[in-house]
Amino acid sequence: MTLGDLSFYVAMAGTVAFAVSAVLSVAERKVDLFAAIVLGTITAVGGGTVRDMILDVPVFWAQELSYIWVAVVASVAAFVAYRFFARRFIHALFLYVDGLAIALFGIQATGKVWDLGFGIPVAPAMLGVITAIGGGLIRDVLAQRQTLLMSRELYAVPVLIGCILFTLILAYAPEYRLEGSIFCIGLIFAIRAAAIHWSLQVPEWAMMGSKRQ
Amino acid sequence: MTLGDLSFYVAMAGTVAFAVSAVLSVAERKVDLFAAIVLGTITAVGGGTVRDMILDVPVFWAQELSYIWVAVVASVAAFVAYRFFARRFIHALFLYVDGLAIALFGIQATGKVWDLGFGIPVAPAMLGVITAIGGGLIRDVLAQRQTLLMSRELYAVPVLIGCILFTLILAYAPEYRLEGSIFCIGLIFAIRAAAIHWSLQVPEWAMMGSKRQ
Amino acid sequence: MTLGDLSFYVAMAGTVAFAVSAVLSVAERKVDLFAAIVLGTITAVGGGTVRDMILDVPVFWAQELSYIWVAVVASVAAFVAYRFFARRFIHALFLYVDGLAIALFGIQATGKVWDLGFGIPVAPAMLGVITAIGGGLIRDVLAQRQTLLMSRELYAVPVLIGCILFTLILAYAPEYRLEGSIFCIGLIFAIRAAAIHWSLQVPEWAMMGSKRQ
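Residues numbered from 1 in each chain as written. Chains lettered and ligands numbered in written order. Predicted model: local features only at pLDDT ≥ 70, side-chain atom pairs only at ≥ 80, totals over all residues.

## A short note on the overall build of chain A
Here comes step 1: Each helix and strand counted, chain A has nine helices and zero strands in total.
Here comes step 2: When the elements of chain A are put in sequence order from the N terminus, they spell out α-α-α-α-α-α-α-α-α.
Here comes step 3: Its C-alpha atoms give chain A a radius of gyration of 17 Å, near enough to 17 Å, the size a compact globule of 213 residues would have.
Here comes step 4: Oriented by its inertia axes, the alpha-carbon framework of chain A measures out at about 50 × 50 × 30 Å.
Here comes step 5: The burial tally for chain A puts 52% of its 213 residues in the buried class.
Here comes step 6: Of all intrachain contacts in chain A linking residues separated by at least 6 positions in sequence, the fraction that spans at least 24 positions is 73%. (Helix = DSSP H or I, 4+ residues; strand = E, 2+ residues; numbered from the N terminus. Rg over C-alpha atoms; globule rule 2.2 N^0.38 Å. Buried ≥ 20, exposed ≤ 12 C-beta atoms within 10 Å, placed from the backbone. Contact = placed C-beta atoms within 7 Å.)

## Details of helix H9 (residues 177-197) of chain A
Residues and elements named next belong to chain A.
Here comes step 1: A rise of 1.5 Å per residue sets the reference length of H9, with its 21 residues, at 30 Å; its end C-alpha atoms lie 29 Å apart and thus fit the reference within 8%.
Here comes step 2: For H9, the elements touching its buried residues are helix H6 (88-115) and helix H8 (156-172).
Here comes step 3: Just past H9, the residue serine 199 takes up positive phi, approximately 50°. (Expected span 1.5 Å × (residues − 1).)

## Some thoughts on the interface of chain C and chain A
Here comes step 1: Chain C puts 27 residues into the contact, and the matching count from chain A is 25 residues.
Here comes step 2: Elements supplying a minimum of two residues to the side of chain C that touches chain A: helix H2 (33-55), helix H3 (60-63), helix H4 (66-80) and helix H7 (122-142) of chain C.
Here comes step 3: No other element matches the eight residues that H2(C) contributes to the side of chain C that touches chain A.
Here comes step 4: Residue classes in the side of chain C that touches chain A are distributed as 21 nonpolar, two polar and four charged. (Nonpolar A, V, L, I, M, F, W, Y, C, P; charged D, E, K, R; others polar.)

## Quick word on the interface of chain B and chain A
Here comes step 1: On the side of chain A, 27 residues touch chain B, which itself brings 25 residues to the contact.
Here comes step 2: Counting only elements with at least two residues in the side of chain B that touches chain A, the list comes to helix H2 (33-55), helix H7 (123-142) and helix H8 (156-172) of chain B.
Here comes step 3: Grouping the constituent residues of the side of chain B that touches chain A by class yields 16 nonpolar, six polar and three charged.

## Section: the nonpolar core
Here comes step 1: Ranked by size, the top nonpolar core spans 220 residues in total, and within it Val23(A), Leu39(A), Val23(B), Leu39(B), Val23(C) and Leu39(C) carry the most contacts.
Here comes step 2: Sequence-distant contacts of Val23(A), that is, excluding residues within four places in its chain, are made with Ala36(A), Leu39(A), Gly40(A), Ser75(A), Ala78(A), Phe79(A) and Tyr82(A). (Core = buried A, V, L, I, M, F, W, Y, C linked by C-beta atoms within 7 Å.)

## Here's the deal with the relation of the copies chain C and chain A
Between the two chain copies there is a screw-like relation: a rotation about an axis and a shift along it.
Here comes step 1: Overlaying chain C with chain A gives an RMSD of 0.0 Å, the required rotation being 120° about an axis along which the chain moves by 0.0 Å. What we have between these two chains is a three-fold relation. (Least-squares fit on C-alpha atoms with pLDDT ≥ 70 in both.)

## Looking at the packing of helix H6 (residues 88-115) of chain C against H7(C)
Residues and elements named next belong to chain C.
Here comes step 1: One way to put it is that H6 packs onto H7 with a least axis distance of 7 Å and a crossing angle of 145°. Handedness of the crossing formed by H6 with H7: right-handed. Contacts from Ile102, Phe105, Gly106, Ile107, Ala109, Thr110, Val113 and Trp114 of H6 reach H7 at Ala123, Pro124, Ala125, Leu127, Gly128, Val129, Thr131, Ala132 and Ile133.
Here comes step 2: Partitioned by chemical class, the residues of the contact of H6 with H7 number 13 nonpolar, four polar and no charged. (Axes fitted to C-alpha atoms, helices over the stretch in contact; angles between N-to-C directions. Left-handed = near helix turned anticlockwise from the far one by under 90°.)

## Looking at the confidence of the model for chain A
Detailed reading of the predicted coordinates is not advisable wherever pLDDT falls low.
Residues and elements named next belong to chain A.
Here comes step 1: With 96% of its residues at a pLDDT of at least 70, chain A reaches an overall mean of 90.
Here comes step 2: When mean pLDDT is taken per element in chain A, H8 scores highest with 96 and helix H5 (residues 82-85) scores lowest with 83.
Here comes step 3: Predicted complex, confidence summary: ipTM 0.89, pTM 0.92. (pLDDT = per-residue confidence, 0-100.)

## Let's talk about the relation of the copies chain B and chain A
Here comes step 1: Mapping chain B onto chain A calls for a rotation angle of 120° and an axial translation of 0.0 Å; the resulting RMSD is 0.0 Å.
Here comes step 2: Take the interface residues of chain B: only 8% of them recur as interface residues in chain A, which is what a contact between different surfaces looks like.

## Considerations on unusual backbone geometry
Here comes step 1: Look at the link from Ile120(A) to Pro121(A): it is a cis peptide, with omega at 10°.
Here comes step 2: Checked against the element boundaries, Pro121(A) lands in the loop between H6 and helix H7 (123-142).
Here comes step 3: Even without a glycine there, the phi angle at Gln144(A) is positive, about 55°.
Here comes step 4: Within the secondary structure layout, Gln144(A) lies in the loop between H7 and H8.
Here comes step 5: Gln144(A) gets classed as partly exposed once you count the C-beta atoms within 10 Å, which come to 18.
Here comes step 6: With a phi angle near 60°, Asp56(B) is a residue other than glycine that sits in the positive phi range.
Here comes step 7: Among the structural elements, Asp56(B) can be located in the loop between H2 and helix H3 (60-63).
Here comes step 8: For Asp56(B), a count of 17 C-beta atoms within 10 Å gives the class partly exposed.

## Regarding the environment of Val202(A)
Here comes step 1: Note that Val202(A) resides in the segment after H9.
Here comes step 2: Remark: the alpha-carbon pair of Val202(A) and Arg152(A), spanning 50 residues in sequence, is separated by 5.4 Å.
Here comes step 3: Those residues in contact with Val202(A) that lie beyond four places of it in its chain are Arg152(A), Leu154(A), Met207(A) and Asp32(C).

## Quick notes on the environment of Val31(C)
Here comes step 1: Looking at the secondary structure, you find Val31(C) in the loop between helix H1 (3-25) and H2.
Here comes step 2: Taking the C-alpha atoms as reference, Val31(C) lies 37 Å from Gly4(C); in sequence the two are 27 residues apart.
Here comes step 3: When sequence neighbours within four positions are dropped, the list of residues in contact with Val31(C) reads Leu149(A), Met150(A), Met208(A), Val26(C) and Ala36(C).

## Notes on helix H9 (residues 177-197) of chain B
All names here are of chain B.
Here comes step 1: Gly180, Ser181, Cys184, Ile185, Ile188, Phe189 and Arg192 are the residues of H9 that are buried. Looking straight down H9, one finds its buried side chains confined to an arc of 160°; they lie on one side. Within H9, the exposed residues directed more than 90 degrees away from the buried face are Glu179 and His197. (Arc of directions from axis to C-beta.)

## Focus: the packing of H2(C) against H7(C)
A packed helix pair is summarised by two numbers, namely the angle formed by the two axes and the spacing between the axes.
All names here are of chain C.
Here comes step 1: Where H2 contacts H7, the axes come no closer than 7 Å and their chain directions differ by 135°. Compared by their axis directions, H2 and H7 come out oblique. The handedness of the crossing between H2 and H7 is right-handed. For the pair H2 and H7, contact is made by Leu39, Ile42, Thr43, Ala44, Val45, Gly46, Gly47, Gly48, Val50, Arg51 and Ile54 and by Leu127, Ile130, Thr131, Ala132, Ile133, Gly134, Gly135, Gly136, Ile138, Arg139 and Leu142, respectively.
Here comes step 2: Considering only residue class, the contact of H2 with H7 consists of 12 nonpolar, eight polar and two charged. (Parallel < 35°, antiparallel > 145°, perpendicular 65-115°, else oblique.)

Put into structure tokens, the structure is as follows:
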């Protein structure tokens, strides 16, 4: 198995995790099968679609339809067998795979945008974050849930940190691109996993708000 | 009158139906004229605009501004004369024309995406559904109504069925494209009309949800 | 200082105003620093990004990253020093600068779309309005606030009036383009400033709604 293969299989696992966690997250809202497929698929491919539309390049899934098929099948599976997926252990497993997915997709996107020379040095990290969390944002808006921007969960910030670090590596140490990408994916995942495991939240000093609330 | 003419007039009727039903659906929210025009026009052209942005082709209304003019005029008319449009008979008429519009726009889009060879075999039906319901989704998000994904109304599923069937015809019996497109439009409309007439909902077995709710 | 320089500095001041007013508008929701930056930046560049995606031209900030930097820095500043920015006088100042920004961005966009010959005569004014208010709409959707379409504040209508007038000037008196653009920016700002100062609202006759509410 080559590194390219590995990257593909991890991306597919990430797609499954995005779709499954999307369906689980709307389970309590009594959606139907169609809505589950739409929300699962949008969560899985929405962020990368927005990125490619901003980059003005062909959307990634048009050439590689596996992303769509896998997302649809995973959404249907999560819908049909949600009692299985909702079990504590399985649910936790998918939370961690979702954490790996945002790490992978964020870093991959940062590299893609960097290679296109688009909006360097800001856009690669910015579009990395959009790729990782954009699908989830669209899902929350369409499903009328609280968007992650309004929650205190530590979800997007690790991606931002990793993507900025990877941008620095691409700028100042491009010869360590491969090692750097693996390290940044590991770093994002480690922070996210710690946040899941210890229920870490954004600390109070990084919050803003009137005293009224 | 040629078939192309007929298709154009049906598309204009569909545009009117989209805009009018959008304005009627936000009437109880006390919107102003500007918001009525914006929501009516977005509902009418929003789905096709998202489709063309994903396809990376020029948006359809840039070359054929009638879509915009007709949507704006219909929105203003629905705003000014909403008591007329809100009458039981007229409102029902527009519901049915809206049903014809989602059928027509969905099948037209499926054919367009197929001809572009974009993401075959999945994308044509997928973008057909996005074209048909995308504008309504954006309207619901901007007007802060419950999106149709969260409702049990049988609205998008008939479009999906028709677009998948039309994709199969394009793949396996392209010589029957014209007859097939008319049949699929008729099928979508028939299911949708039945859903309107008998207030059909998504059946319980196709729903998901915790017992808590 | 040339006119181009002036236009650039006004655009930067407008970007600051958009970002600061965005962060102030979500201050009571207890957002974190990351969300403040995301919402501030989306408000500042979101409308123009949607416009460029519809036009199918490169997004404006990819070539001129100052828009992003300025938006990020302004968002952080508003987050850190929001007690300062929330003071009555400072807040009012930013409301007026925001009014100047929607005027400037709307008219600039109308001219840009006109020069591209895109969807004349409708699209220039339409995309002018989208450029001016699109970022704010996306912010409200992501922050789950009431969108401005659902409010009675006189915000988008002055932009629409100015952009239509500027379109007429471009069509019938192109030799007065410069004077016309300054006049239209002034007109939009004047109406908006009057609306802020006297708390003007959309008049009752331009509202719609059932008597139930």
